[in-house]
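Descriptive structure summary
Chain by chain, the residues run as shown.
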Amino acid sequence: QVQLQESGPGLVKPSQTLSLTCTVSGGSITASYYAWTWIRQPPGKGLEWMGVIAYDGSTYYSPSLKSRTSISRDTSKNQFSLQLSSVTPEDTAVYYCARDALGIGWPTMHYWGQGTQVTVSS
């Protein structure tokens, strides 16, 4: 039913802003009580929850990334986006978007995008 697809540049230079967009089909990003999340996985490391934008537009971020992270949405396009500023090579990862059916966390993240590789390098 619901499908998510990440898109954006695969290469970002250090100090720049990483910008990704998740396009959602088969479901509305404004439908209650869904929340729309960004997760990343650096090489050889585990999944890291980055943040979320809920159906009502509320946002929440990982404390470790809060200062650099912004999640927004375009309801007319049924898309939500990630901006991660001041990137370093440590931000190199596969980035995923996912739907949290209840906005409660991992147990209800049933739908994920395929992920997109982003490399931070000069």
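The rules we used
- Residues numbered from 1 in each chain as written.
- Predicted model: local features only at pLDDT ≥ 70, side-chain atom pairs only at ≥ 80, totals over all residues.
- Heavy atoms only, no water.
- Helix = DSSP H or I, 4+ residues; strand = E, 2+ residues; numbered from the N terminus.
- Rg over C-alpha atoms; globule rule 2.2 N^0.38 Å.
- Contact = heavy atoms within 4.5 Å.
- Areas by Shrake-Rupley, 256 points an atom, 1.4 Å probe, with all protein chains shown as cover.
- Phe/Tyr/Trp six-rings, centres within 6.5 Å; stacked < 30°, edge-to-face > 60°.
- Pairing = 2+ DSSP bridges.
- Axes fitted to C-alpha atoms, helices over the stretch in contact; angles between N-to-C directions.
- Buried < 20%, exposed > 50% of the residue type's maximum accessible area, 1.4 Å probe, protein only.
- Lys, Arg positive; Asp, Glu negative; His and termini not counted.
- Salt bridge = Lys/Arg side-chain N within 4 Å of Asp/Glu carboxyl O.
- Polar contact = N/O pair within 3.5 Å; in protein donor to acceptor, adjacent residues only side chain to side chain.

1. With respect to the overall build of the protein
Assigned secondary structure in the protein consists of 0 helices and 11 strands. Element order for the protein, N to C, with α for helix and β for strand: β-β-β-β-β-β-β-β-β-β-β. Against the 2.2 N^0.38 benchmark of 14 Å for 122 residues, the protein shows a C-alpha radius of gyration of 13 Å, consistent with a compact globule. Oriented by its inertia axes, the alpha-carbon framework of the protein measures out at about 40 × 25 × 25 Å. Of the contacts made within the protein by residues no fewer than 6 positions apart, 54% connect residues no fewer than 24 positions apart. In the structure as shown, the protein presents an accessible area of about 6,200 Å², 49% of it carried by carbon and sulfur atoms.

2. Side note on the packing of aromatic side chains
Aromatic ring pairs are defined here through the distance separating the ring centres and the angle between the ring planes. Counting across every chain of the model gives 6 aromatic pairs. An angle of 50 degrees between the planes, with centres 5.8 Å apart, marks the rings of Trp36 and Phe80 as tilted. Of this pair, Trp36 sits in strand E4 (residues 35–41) while Phe80 sits in strand E8 (residues 79–84), and the two are 44 residues apart along the sequence. Both rings, one in Tyr96 and one in Trp112, keep their centres 5.6 Å apart while their planes meet at 75 degrees; by these two values the pair is edge-to-face. Taken together, the residues Tyr96 in strand E9 (residues 93–100) and Trp112 in strand E10 (residues 109–112) connect sequence positions 16 residues apart.

3. Some points on the sheet that holds strand E3 (residues 18–25)
The strand order E1-E3-E8-E7 describes an open sheet built from 4 strands, whose pairing is antiparallel. Unpaired on one side and paired on the other, strand E1 (3–7) and strand E7 (69–74) mark the two borders of the sheet. Neighbour to neighbour, the strand axes of the sheet diverge by 20 degrees on average, direction disregarded. Sheet topology note: the E1/E3 ladder contains 5 bridges and is antiparallel. Considered in E3, the bridge of Leu4 is made with Val24.

4. Observations regarding the side chain of Glu6
Structurally, Glu6 is set in strand E1. Of the side chains with opposite charge, Arg99 comes closest to the buried, unpaired Glu6, at an N-O distance of 13 Å. At 2.9 Å, the side chain of Glu6 and the backbone nitrogen of Cys97 are in polar contact. At 3.0 Å, the side chain of Glu6 forms a polar contact with the backbone nitrogen of Gly115. Those residues in contact with Glu6, other than ones at most four positions away along the chain, are Thr21, Cys22, Trp38, Tyr95, Tyr96, Cys97, Gly113, Gln114, Gly115 and Thr116.

5. Quick notes on the environment of Ile29
As for its placement among the helices and strands, Ile29 is situated in the loop between E3 and E4. Given a relative accessible area of 1%, Ile29 falls into the buried group. Separated by 46 residues in sequence, Ile29 and Thr75 have C-alpha atoms that sit 6.9 Å apart. Contacts of Ile29, omitting those with residues within four sequence positions, involve Val24, Trp36, Tyr55, Arg73, Asp74, Thr75, Asn78 and Gln79.

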